Amino acid sequence: MSLPFILFFLFALIAVAGAIMLIVAREPIHSALSLVLVMVALAALYLLLGAEFTAAVQIIVYAGAIMVLNAGVEDRTDFSKMAKYAGLPLAIVLLFGLAHWMAHSLIGEQVANGAGAVSQAAVSTRALSTMLFHDYLLPFEATSILILIAMLGALVLAKRSE
């Protein structure tokens, strides 16, 4: 086994453990810190893939936003009935679906055949930005509008609950 292979499973295990802690934590601050742990583990996985820019954005934007959003008043939470009874079966279905997808993907077939690692061309930040703002401008803008609508909906729901 190579070092990147071992590190991948280590960081994946940390991400899954953080996600489980996020779900079972009763205090909101513990949930927020668990989510930060998941985001840092995902950033480490991006680093293993050679996506340094994505890893940096993952930590700066998402981990920072989580901590800013958690700065308000904290209430103790309990499991919802839906999360308690539907969460485990859905997690099992998701796990089997992910395992099936990985086994039938190009990487899974190469690992099964002993073919080695998949070659990936390095992409510079300049090439990524050119592609994002030139070739994929419409999907990028549509996504930003959807995010804006989601934020406005969250604000409206927050104002109603006060």
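Whatever comes next refers back to the structure up there.
An account of the accompanying structure is given in this report. (Residues numbered from 1 in each chain as written. Predicted model: local features only at pLDDT ≥ 70, side-chain atom pairs only at ≥ 80, totals over all residues. Heavy atoms only, no water.)

1. Looking at the overall build of the chain
Piece 1. Per the secondary structure count, the chain includes seven helices and zero strands.
Piece 2. Helices and strands appear in the chain in the N-to-C order α-α-α-α-α-α-α.
Piece 3. Restricting to contacts in the chain with at least 6 residues of sequence separation, those with at least 24 account for 53%.
Piece 4. Accessible area of the chain: about 12800 Å², with a carbon and sulfur share of 74%. (Helix = DSSP H or I, 4+ residues; strand = E, 2+ residues; numbered from the N terminus. Contact = heavy atoms within 4.5 Å. Areas by Shrake-Rupley, 256 points an atom, 1.4 Å probe, with all protein chains shown as cover.)

2. A short note on the packing of aromatic side chains
The description of an aromatic ring pair uses the distance of the two centres, along with the angle that the planes make with each other.
Piece 1. Enumeration over the complete set of coordinates arrives at three aromatic pairs.
Piece 2. On the basis of an interplanar angle of 75° and a centroid distance of 4.9 Å, the ring pair of Phe5 and Phe9 is categorised as edge-to-face. Linking Phe5 with Phe9, this pair stays in helix 1 (residues 3–24), spanning four residues, or about one helical turn.
Piece 3. Residue Phe5 is classed as partly exposed on the basis of its relative accessible area of 36%.
Piece 4. Where Phe133 meets Phe140, the ring centres are 5.0 Å apart and the plane angle is 85°; that geometry is what we call edge-to-face.
Piece 5. Among the aromatic residues, those joined into a ring-pair cluster are Phe5, Phe8 and Phe9. (Phe/Tyr/Trp six-rings, centres within 6.5 Å; stacked < 30°, edge-to-face > 60°. Buried < 20%, exposed > 50% of the residue type's maximum accessible area, 1.4 Å probe, protein only.)

3. Looking at the side chain of Ser31
Piece 1. Among the secondary structure elements, Ser31 is positioned in helix 2 (residues 28–48).
Piece 2. In this structure the side chain of Ser31 is engaged in a polar contact, spanning 3.4 Å, whose partner is the backbone oxygen of Leu22. (Polar contact = N/O pair within 3.5 Å; in protein donor to acceptor, adjacent residues only side chain to side chain.)

4. What to know about the packing of helix 1 against helix 2
Piece 1. Between helix 1 and helix 2, the least distance of the axes is 8 Å, while the angle of their chain directions is 160°. Considering their axes alone, helix 1 and helix 2 lie roughly antiparallel with respect to each other. Viewed along their axes, helix 1 and helix 2 form a crossing whose handedness is left-handed. Along the contact surface, helix 1 presents Pro4, Leu7, Phe8, Phe11, Ala12, Ile14, Ala15, Gly18, Ala19, Met21 and Leu22, while helix 2 presents Ser31, Ser34, Leu35, Leu37, Val38, Ala41, Ala44, Leu45 and Leu48.
Piece 2. Along the lines of polarity and charge, the residues of the contact of helix 1 with helix 2 split into 17 nonpolar, three polar and no charged. (Axes fitted to C-alpha atoms, helices over the stretch in contact; angles between N-to-C directions. Parallel < 35°, antiparallel > 145°, perpendicular 65-115°, else oblique. Left-handed = near helix turned anticlockwise from the far one by under 90°. Nonpolar A, V, L, I, M, F, W, Y, C, P; charged D, E, K, R; others polar.)

5. A word on a nonpolar patch on the surface
Piece 1. A cluster of nonpolar side chains, namely Phe53, Val57, Ile60, Val61, Tyr62, Leu128, Met131, Leu132, Phe133, Tyr136 and Leu137, defines an oily patch on the protein surface of about 990 Å² accessible area.
Piece 2. Put simply, the parts of the chain that give the nonpolar patch at least two residues each are helix 3 (52–69) and helix 6 (125–135).
Piece 3. The greatest single-element share of the nonpolar patch, amounting to five residues, is contributed by helix 3.
Piece 4. Mapped onto the fold, Tyr62 is located in helix 3. (Patch = residues over 30% accessible without salt bridge, like charges linked within 9 Å, V, L, I, M, F, W, Y side chains within 5 Å. Salt bridge = Lys/Arg side-chain N within 4 Å of Asp/Glu carboxyl O.)

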